[in-house]
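Remarks on the overall topology
Spelled out from the first residue to the last, the chains are:
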Amino acid sequence: MGHNVTEKLVSDHLVEGEMEPGEEVALEIDQVLSQDTTGTMVWLQFEALDIDEQKTEVAGQYCDHQTYQFDLKNTDDHRFLKSAAQKYGAYYSRPGNGICHQVHKENFAAPGKTLLGADSHTQTQGGLGMLSIGAGGLDLATAMGGSPYYVEMPEVVNVRLEGELPEWATAKDVILEMLRRLTVKGGVGKVFEYTGPGAEALEIPERCTIANMGTELGATSSVFPSDDKTRDYLARLGREEDYTELQPDPDAEYDDEVTVDLSELEPLVACPSMPDKVVPVREVEGEEVEQVIVGSCTNGAYEDIKAFSEALDGNAVHEDVHSIVAPASKQAAELLAREGDVADMMDAGVNWSESTCGACIGIGHVPASDSVSLRTFNRNFEGRSGIEDDSVYLCSPEVAAASSVTGEITDPRDYADSYDVEAPGVVLPDGMGGRDPDLLDPADADDDVELNKGPNIGSVPLGDELEDTIEGETILKVGDDITTDHIIPATSDILKYRSNIDKLSEYTLSRVDEEFASRAKEKGGGLIVGGENYGQGSSREHAALCPMYLGIEAVVAKSFARIHKANLLNFGLLPLTFEDNDDYDEIEEGDSLRIDSVLEGVEGEEEETQLVVVNESKDVEIPVELDASLREREYLLAGGKLNHTKQQA
Ligand code: MIC
Ligand code: SF4
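As the structure is a prediction and not an experimental result, all values here were calculated from the model.

**Looking at the overall build of the protein chain**
The helix and strand inventory of the protein chain stands at 25 helices and 27 strands. In terms of overall size, the protein chain behaves like a compact globule, its C-alpha atoms giving a radius of gyration of 24 Å where 649 residues would be expected to give roughly 26 Å. By principal-axis analysis of the C-alpha atoms, the protein chain measures approximately 70 × 55 × 50 Å. Within the span of the protein chain, comprising 649 residues, buried residues form 64% of the whole. A separation of at least 24 residues holds for 77% of the contacts in the protein chain among residues at least 6 apart in sequence. For the protein chain, the centre of its 49 positive side-chain charges and the centre of its 131 negative side-chain charges are spaced 4 Å apart.

Below you can see the structure in the form of structure tokens.
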């Protein structure tokens, strides 16, 4: 039987396990990336593992999320990251050089390789035929120590793209259409592998936009074959030697199939406040817009800004709109400046930001109260932009351009008619590769380099060995789709404590209930009850680490997002699911819960075991399930993966 691209990538890196969907596989990791807000924990954990040198082919440490350095704590974090990169042998990308996924794409992404990233949008590089997966920082630290990455072998879904995109419909609309159909839970446990004539015709940056937002589908990864387009793009970056062809075998099989006819797509938009609330732009046309931002790891590349610039075509930005470009990389910005686009856009009334994630997580450009912000980003979770009750829509650069000019959400086809503008299509860069002065080569790992830790940089808290009875109150009960932005918000007032868990933990779940942390402390810990897709969104392990620090021992939910579940297990918290989701109604906040015979339920040879939550307040017994591999069970017993890894060493 032939193999699809995903299976080829997995089998080329398979260290342990069978390529059976749902079975755990161990993968050799060729490259890793981390960024400034996950990176500090990555390196603190790497330090705790007591290994001299990182062992992957390429490790990139990017400073991209909080580049404005509002607080010296951020600047100290960056200085610490630089010292860690130099001590342990990683590339260091200076603040302002660009968003990790973009800079990694420009410099290192290579077909046929594996990439593990401490950022959920790592799957962006699937656009170049890489198996790229987002993970918690501890998984990255152990991968840099030479251990494989363990993940459930996903189902591989063939997304067949037929037909051609009509004018003004873009790659962003392809992935928004996927979200419209499959929702933010639709990809859990899956890799989306894009094939067919429509996929072949897409350029690499378009493929990367689609792969990037596989994260919003909850997917383990997204993958495109590697072909002549890949070779051409790598050549444009000056790295043709990194090309290898990677195609599915003619008789490759898939676990499922989805077909999208590109010719039927039209400009789409995700409405507030979930990336799957997708409708055609024409349905919300006329909504007044106060802010438009082009940027992020989804649509902040050279090609995206070029499309925005060409669609703007010199037309003036509406007087009531603040239109901003935040380029995803400084190299792209430099080329756009050389080509005159930056001046043209500025002349039309567009403002220019440094290369940063920034506004994507509420750092800068926080929208005005009661206003609409239109962004080319990937996430619009409520409050993520920096204010409660925000109203953030997600769209393509073309919709952003049309709406910047008209001052209201506008279908670019109508704009094109009124302003006589031609569809920009995809313009590829010429001469973007070469030396990147803000990307520092790894010196040979140097033991003499001291880790430079400012006063805000703490240490990694370790969990306690698992006990046989878990007892405590339901400290909080939440509904469906709780994101990691709810659990540990990423806005600048909080982000500066990413290296200081004692302080950061005070903000745990503050977006849902400001009293959560103080209540958890007062009660000496307890349990959390959640709905579907608990922990969706980012890879930030702080969303597990902080609850652990506050004494939370288990989360009982209807279902979990993949990375968050792995993070809970890594830090020794039990992710339990209801056997019968109706039992969710049997627990209320404040109820006293008890789980007996925990050790028996966790030890053993099965990957799925049953435990019973006794609700002492209501006198009911609720059967729950622990779905964890034998290795993850060892983490739980040891009080977390770090303890376990140290014990093994
Ligand atoms: C995000 O988009 O939510 C982030 C900020 O990039 C996170 C990482 C983090 O919290 O540091 C992610 O996607 O993993
Ligand atoms: Fe940065 Fe936003 Fe991309 Fe996360 S989603 S890496 S915050 S640009």
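**As for unusual backbone geometry**
Glycine aside, residues mostly have negative phi, and peptide bonds are mostly found in the trans state. The omega torsion across Pro-272 and Ser-273 is -5°, close enough to zero to call that bond cis. One can find Ser-273 in the loop between β13 (268–270) and β14 (278–280). Unlike most non-glycine residues, Leu-509 shows phi in positive territory, near 55°. Counting through the fold element by element, Leu-509 comes out in the loop between α19 (501–504) and α20 (516–523). Accessibility expressed as a relative area gives 0% for Leu-509, which makes it buried. Positive phi outside glycine occurs at Asn-533, with the angle close to 60°. Structurally, Asn-533 is set in the loop between β22 (526–529) and α21 (542–549).

**Description of the site of ligand 1**
What surrounds ligand 1 is a group of 14 residues, the closest being Thr-37, Asp-119, Ser-120, Ser-539 and Arg-540. His-65 is positioned such that a nitrogen or oxygen atom in its side chain is 2.8 Å from an oxygen atom of ligand 1. One of the side-chain N or O atoms of Ser-120 is found 2.5 Å from an oxygen atom in ligand 1. A per-class count over the shell around ligand 1 returns one nonpolar, eight polar and five charged.

**Section: the sheet that holds strand β11 (residues 221–223)**
The strand order β11-β10-β9-β12 describes an open sheet built from four strands, whose pairing is parallel. Every other strand in the sheet has two partners, leaving β11 and β12 (256–261) as the edge strands with one partner each. Between one strand axis and the next, the sheet turns by 20° as a mean value, whatever way the strands run. Relative to β11, strand β10 (residues 190–195) runs parallel, the two sharing three bridges. Within β11, the position partnered with Glu-193 by the bridge is Val-223. Where helix α6 (residues 171–182) meets the sheet, it contacts β9 (155–162), β10 and β12, and its direction lies at approximately 125° from that of β12.

**Focus: the pattern of salt bridges**
Applying the stated criterion across every chain, the model contains 37 salt bridges. Two residues, Glu-177 and Arg-180, come together in a salt bridge whose shortest N-O distance is 3.0 Å. Placement of both Glu-177 and Arg-180 in helix α6 is noted, with a separation of three residues, approximately one turn of the helix. Lys-229 is the salt-bridge partner of Glu-203, the closest N and O atoms lying 3.0 Å from each other. Linking Glu-203 in the loop between α7 (197–201) and α8 (204–212) with Lys-229 in helix α9 (residues 228–236), this pair joins segments that are 26 residues apart in sequence.

**Re α6**
In a regular helix each residue adds 1.5 Å, so 12 residues correspond to 16 Å; α6 covers 17 Å between its end C-alpha atoms and thus fits that length. The element α6 is extensively covered by neighbouring structure, given that nine of its 12 residues are classed as buried. Turning to α6, its buried residues number three or more, namely Ala-171, Lys-172, Asp-173, Val-174, Ile-175, Leu-176, Glu-177, Met-178 and Leu-179. The positive-phi residue at the C-terminal boundary of α6 is Thr-183, with phi of around 70°.

**Considerations on the packing of helix α12 (residues 302–312) against helix α15 (residues 397–406)**
Relative to each other, α12 and α15 sit at 35°, their axes nearing to 8 Å. Crossing of α12 against α15: the hand is right-handed. Contacts between α12 and α15 involve Asp-304, Ala-307, Phe-308, Ala-311 and Leu-312 from the first element and Pro-397, Glu-398, Ala-400, Ala-401, Ser-404 and Val-405 from the second. Looking at the contact of α12 with α15 residue by residue, the classes come out as eight nonpolar, one polar and two charged.

**Looking at the packing of α12 against helix α13 (residues 330–338)**
α13 packs onto α12 with a crossing angle of 35° between their chain directions and a minimal axis gap of 9 Å. The way α12 lies across α13 gives a crossing that is right-handed. Here Tyr-302, Ile-305 and Lys-306 of α12 lie close against α13, whose contacting residues are Ala-332, Leu-335 and Leu-336. Looking at side-chain class alone, the contact of α12 with α13 contains five nonpolar, no polar and one charged residues.

**Things to note about the side chain of Ser-222**
In this fold, Ser-222 is placed in strand β11. Owing to a relative accessible area of 0%, Ser-222 belongs among the buried residues under this scheme. Looking at Ser-222, its side chain comes within polar contact range of the side chain of Gln-123, at 2.8 Å. Ignoring anything within four residues of it in the chain, the contact list for Ser-222 reads Gln-123, Gly-126, Met-130, Val-191, Phe-192, Tyr-194, Ala-211 and Gly-214.

**Things to note about the state of the cysteines**
What the rule picks out here adds up to zero disulfides. With no disulfide of its own, Cys-100 has Cys-357 as its nearest cysteine by sulfur position, at a separation of 6.2 Å. No disulfide involves Cys-271; its nearest neighbouring cysteine sulfur is the one of Cys-395, lying 11 Å away.

**With respect to the sheet that holds strand β5 (residues 91–93)**
By way of backbone hydrogen bonds, the strands of a sheet pair with one another, either parallel or antiparallel. If you walk across this open sheet you meet the six strands as β7-β6-β3-β4-β5-β20, and the pairing is mixed. One side of each edge strand has no neighbouring strand; the edge strands of this open sheet are β7 (131–134) and β20 (439–440). Along the sheet, helix α4 (residues 100–107) makes contact with β3 (31–34), β4 (58–62), β5, β6 (114–117) and β20, crossing β3 at roughly 150°.

**Quick look at the packing of aromatic side chains**
Counted by the stated rule, this structure contains 10 aromatic pairs. Consider the rings of Trp-43 and Phe-46, whose centres lie 5.7 Å apart with planes at 80°: the pair is edge-to-face. One end of the pair is Trp-43 and the other is Phe-46, both in helix α2 (residues 36–49) and three residues apart, which spans about a single turn. Look at Trp-43 and Tyr-88: their rings are 5.7 Å apart centre to centre, the planes differ by 5°, and that puts the pair in the stacked class.

**Regarding the nonpolar core**
Val-32, Trp-43, Leu-116, Phe-516 and Tyr-534 are the most contacted members of the largest nonpolar core, which has 72 residues in total. Among the elements that take part in this core, α2 stands out by supplying six residues, more than any other. Sequence-distant contacts of Leu-116, that is, excluding residues within four places in its chain, are made with Ile-29, Gln-31, Val-32, Leu-33, Thr-122, Ile-133, Ala-135, Asp-139, Leu-140, Ala-143 and Tyr-149. Met-130, Val-279, Val-281 and Ile-409 belong to the second-largest nonpolar core, a separate cluster that totals 57 residues.

**Here's the deal with the pairing of strand β26 (residues 608–615)**
Looking at chain direction, strand β25 (residues 592–595) and β26 are connected through three bridges and run antiparallel. For Ile-595, the partnering residue across the bridge sits in β26 and is Val-613. With eight bridges joining them, β26 and strand β27 (residues 620–627) adopt antiparallel strand pairing. Within the sheet, the bridge partner assigned to Val-612 lies in β27 and is Pro-623. Two successive antiparallel strands, β26 and β27, enclose a turn made up of four residues, where Asp-619 displays a positive phi of approximately 60°.

The rules we used
Residues numbered from 1 in each chain as written. Chains lettered and ligands numbered in written order. Predicted model: local features only at pLDDT ≥ 70, side-chain atom pairs only at ≥ 80, totals over all residues. Heavy atoms only, no water. Helix = DSSP H or I, 4+ residues; strand = E, 2+ residues; numbered from the N terminus. Rg over C-alpha atoms; globule rule 2.2 N^0.38 Å. Buried < 20%, exposed > 50% of the residue type's maximum accessible area, 1.4 Å probe, protein only. Contact = heavy atoms within 4.5 Å. Lys, Arg positive; Asp, Glu negative; His and termini not counted. Charge placed at Lys NZ, Arg CZ, Asp CG, Glu CD. Near = heavy atom within 4 Å. Polar contact = N/O pair within 3.5 Å; in protein donor to acceptor, adjacent residues only side chain to side chain. Nonpolar A, V, L, I, M, F, W, Y, C, P; charged D, E, K, R; others polar. Pairing = 2+ DSSP bridges. Axes fitted to C-alpha atoms, helices over the stretch in contact; angles between N-to-C directions. Salt bridge = Lys/Arg side-chain N within 4 Å of Asp/Glu carboxyl O. Expected span 1.5 Å × (residues − 1). Left-handed = near helix turned anticlockwise from the far one by under 90°. Disulfide = S-S within 2.5 Å. Phe/Tyr/Trp six-rings, centres within 6.5 Å; stacked < 30°, edge-to-face > 60°. Core = buried A, V, L, I, M, F, W, Y, C linked by side-chain atoms within 4.5 Å.

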